[in-house]
Amino acid sequence: MQNQIAIVDYGIGNLNSIRKKLTRLKINSIISSDPKEIQNSGKIILTGIGHFQKAMEHLKELNLTTTLNEEVLIKKNNTGNMFRNAVNGKEK
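All of these numbers come straight from a predicted model, not from anything done at the bench. Sequence order sets the numbering: in each chain, residues are counted from 1 along the sequence as written. Only residues with pLDDT of at least 70 get local features here, since the model is predicted, and only at 80 or more are side-chain atom pairs given and counted; chain-wide, interface and lining totals rely on the full set of residues. Note: side-chain values were computed over all heavy atoms of the structure, leaving out hydrogens and water.

## Remarks on unusual backbone geometry
Most peptide bonds adopt trans geometry, and most residues besides glycine take a negative phi value.
And step 1. A positive phi angle, near 60°, is found at Lys26, a position not held by glycine.
And step 2. A positive phi angle, near 55°, is found at Asn63, a position not held by glycine.
And step 3. Tracing the backbone through its elements, the reader meets Asn63 in the loop between α3 (52-61) and α4 (65-79).
And step 4. For every residue, the accessible area (1.4 Å probe, protein chains only) is compared with the maximum for its type, and the residue is labelled buried under 20%, exposed over 50%, or partly exposed between those bounds. We classify Asn63 as exposed; its relative accessible area is 59%. Helix and strand definitions follow DSSP, with helices as H or I runs of at least four residues and strands as E runs of at least two, each counted in order from the N terminus.

## Brief notes about the nonpolar core
And step 1. Judged by nonpolar contacts, the single largest core of 13 residues is most densely connected at Val8, Tyr10, Ile38, Leu59, Leu64 and Leu68.
And step 2. Secondary-structure elements contributing two or more residues to this core are β1 (5-8), β3 (43-48), α3 and α4.
And step 3. Contacts between residues were defined by any pair of non-hydrogen atoms, one from each residue, lying within 4.5 Å. Beyond its immediate chain neighbours, meaning those up to four positions away, Leu68 contacts Val8, Ile38, Ile44, Leu46, Leu59 and Leu73. Throughout this description, the term nonpolar core refers to a set of buried Ala, Val, Leu, Ile, Met, Phe, Trp, Tyr and Cys residues connected via side-chain atoms within 4.5 Å.

## Here's the deal with the pairing of strand β2 (residues 29-32)
And step 1. Any two strands with at least two DSSP-identified bridges between them are counted as paired. Pairing geometry for β1 and β2, over four bridges, is parallel. In the sheet register, Ile5 faces β2, and the bridge partner there is Ser29.

## Section: the side chain of Ser41
And step 1. Note on placement: Ser41 falls in the loop between α2 (35-39) and β3.
And step 2. Polar contact is defined as a pair of N or O atoms within 3.5 Å, subject to the rule that within protein one atom must be able to donate a hydrogen and the other to accept it, and that residues adjacent in sequence are counted only when both atoms are side-chain atoms. A polar contact of 2.9 Å, which involves the side chain of Ser41, links it to the backbone oxygen of Glu37.

## Observations regarding helix α1 (residues 15-24)
And step 1. Those residues of α1 lying buried are Leu15, Ile18 and Leu22. Seen from one end, α1 has its buried residues packed into an arc of 70°, which puts them on one side. Away from the buried face of α1 by more than 90 degrees, exposed residues Asn16, Lys20, Thr23 and Arg24 are located. Directions pointing from the helix axis toward each C-beta atom define the arc.

If you want it as structure tokens, here you go:
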């Protein structure tokens, strides 16, 4: 659904906190690790943990790297849609 935001679920991050905030702002969102749902969303939020290698391992395990590369680097940037990264928690 083009009018919703997909919050990428790759087993890391406080996804429900972000979803609750979007709900309070009356923004339609889903939490998903399904490539098709992510592709069909108008925007994407990828939460971070401050540890890039661990995040990439999880994304690769779920086969989401190709989907995210295509959506962010090709489709979303060519159509003016945006990708957001949200880092939760403290960093040392």
